[in-house]
Amino acid sequence: ARETAAFPELPPPPGGSAQWIARSMRMNGLAMTLQSFQSRLTADAVLSHYESWSRSRGHGKSRRSRSAGGQQLSLDLEPYLVTIEAQASAGRTIGTILVSKGPKSSPPLITTAFPTPASTSVVNLQQFEDEGIEAEHISLISKRGAHVEAQAFARVLEREDWVLTREQPMRQLVRGRVLEAQKGAQLASIMIFPHQLSGTTTAVVIVWKKM
């Protein structure tokens, strides 16, 4: 939160409003802020507005791109990078504003303190801080089966003084397992299931509320 407090805060687009999704978060170790917005302007007009906003503050570097979902605008506000996505929806424009450190900053490290078996590897880590409450959304993969990995998680958690409060098969996915655990004020929900894109890989998703 101390780091993101210094990040630039973009105003809502004309004819619209913005709401905070995360005032302080990390994606794979990179600190960032995230807002959603809506406006009566077209997507093109919204992005043009933010291009003008950037130039008025002495920043001239910008880049636009298009995808099936809408338009994207990248603004280089050295040392920060702003990414704005906008798309048409029901006669208006909706989108997001993401602010992070620029590409010249130090490469982030993807590490978590949550206890995990050595057989798993972290592939994506989102860290959130909101009004003093910290949480992590951790995605991992393993080459072992879901049932074997569920047993490994149970052993690791028990060794780290976590208490398993729930352990059962997933209703939505065959061979998937759900574990819930608690350690003091900390809560964790762990979903373990066969990876949809690889039959030999197990995916693990952990939601860890630290306090």
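Everything numeric in this text was worked out from a predicted model, so none of it was measured. (Residues numbered from 1 in each chain as written. Predicted model: local features only at pLDDT ≥ 70, side-chain atom pairs only at ≥ 80, totals over all residues. Heavy atoms only, no water.)

S.K.: Report on the sheet that holds strand β10 (residues 177-183), specifying residues and quantitative values.
M.R.: Taken in spatial order, the twelve strands line up as β3-β4-β5-β6-β2-β1-β7-β8-β12-β11-β10-β9 in an open sheet, and their pairing is antiparallel. Edge positions in the sheet fall to β3 (62-67) and β9 (163-169), since each has one partner strand and no second. Direction aside, neighbouring strands of the sheet carry axes that sit 20 degrees apart on average. In this structure, β10 lies alongside strand β11 (residues 186-194), joined through seven bridges in antiparallel fashion. Counterpart to lysine 183 in the pairing with β11 is glutamine 186. Along the sheet face, helix α1 (residues 43-55) touches β2 (30-39), β3, β4 (70-77), β5 (80-89) and β6 (92-101) and points at about 5 degrees away from the line of β4. (Pairing = 2+ DSSP bridges. Helix = DSSP H or I, 4+ residues; strand = E, 2+ residues; numbered from the N terminus. Axes fitted to C-alpha atoms, helices over the stretch in contact; angles between N-to-C directions. Contact = heavy atoms within 4.5 Å.)

S.K.: So what's going on with the environment of proline 11? Residues and values would help.
M.R.: Position of proline 11 among the secondary structure elements: in the segment before β1 (16-27). Along the sequence, proline 11 and isoleucine 97 sit 86 residues apart, while their C-alpha atoms lie 9.9 Å from each other. In contact with proline 11, other than residues within four places in its own chain, are Tyr50, Trp53 and Ile97.

S.K.: Give a detailed account of the packing of aromatic side chains, specifying residues and quantitative values.
M.R.: Taken as a whole and judged by the stated rule, the model has three aromatic pairs. Taken together, the aromatic side chains of Phe114, Trp162 and Trp208 make up a single cluster linked through ring pairs. Between lysine 210 and the ring centre of tryptophan 208, over which it is positioned, the NZ or CZ distance is 4.8 Å. (Phe/Tyr/Trp six-rings, centres within 6.5 Å; stacked < 30°, edge-to-face > 60°. Lys NZ or Arg CZ within 6 Å of the ring centre and 35° of its normal.)

S.K.: I'd love a proper account of helix α2 (residues 146-159), names of residues and values included.
M.R.: Here α2 contains 14 residues, and its C-alpha end-to-end distance of 20 Å stays within 8% of the 20 Å for a straight helix at 1.5 Å per residue. Those residues of α2 not exposed but buried are Ala146, Glu149, Ala150, Ala152, Phe153, Ala154, Val156 and Leu157. Its buried side turned inward, α2 meets β7 (120-130), β8 (133-142), β9, β10, β11 and β12 (202-209). Just past α2, the residue aspartate 161 takes up positive phi, approximately 70 degrees. (Expected span 1.5 Å × (residues − 1). Buried < 20%, exposed > 50% of the residue type's maximum accessible area, 1.4 Å probe, protein only.)

S.K.: Quick one: what's the story with α1, residue by residue and with numbers?
M.R.: An α-helical turn contains 3.6 residues, so a residue and the one three or four places further along point in the same direction. The end-to-end C-alpha distance of α1, which contains 13 residues, comes to 19 Å, matching closely the 18 Å that a straight helix rising 1.5 Å per residue would cover. Among the residues making up α1, those that are buried are Ala43, Val46, Leu47, Tyr50, Glu51, Trp53 and Ser54. The arc that holds the buried residues of α1, viewed along the axis, is 160 degrees, so those residues lie on one side. Residues of α1 that are buried sit in contact with β2, β3, β4, β5 and β6. (Arc of directions from axis to C-beta.)

S.K.: Talk me through the pattern of salt bridges; I want residue IDs and the actual numbers.
M.R.: Where charged atoms from two side chains of opposite charge come close, those side chains can pair. Scanning all chains against the criterion turns up eight salt bridges. Two residues, arginine 64 and aspartate 44, come together in a salt bridge whose shortest N-O distance is 2.7 Å. Placement of the pair is arginine 64 in strand β3 and aspartate 44 in helix α1, with a sequence separation of 20 residues. Judged by relative accessible area, which is 38%, aspartate 44 ranks as partly exposed. A salt bridge links glutamate 134 to lysine 210, with the nearest nitrogen and oxygen atoms 4.0 Å apart. Pair noted here: glutamate 134 is in strand β8 and lysine 210 is in the segment after β12, with a separation of 76 residues, a long-range link. (Salt bridge = Lys/Arg side-chain N within 4 Å of Asp/Glu carboxyl O.)

Don't take any of this as a statement about function, it's just geometry.
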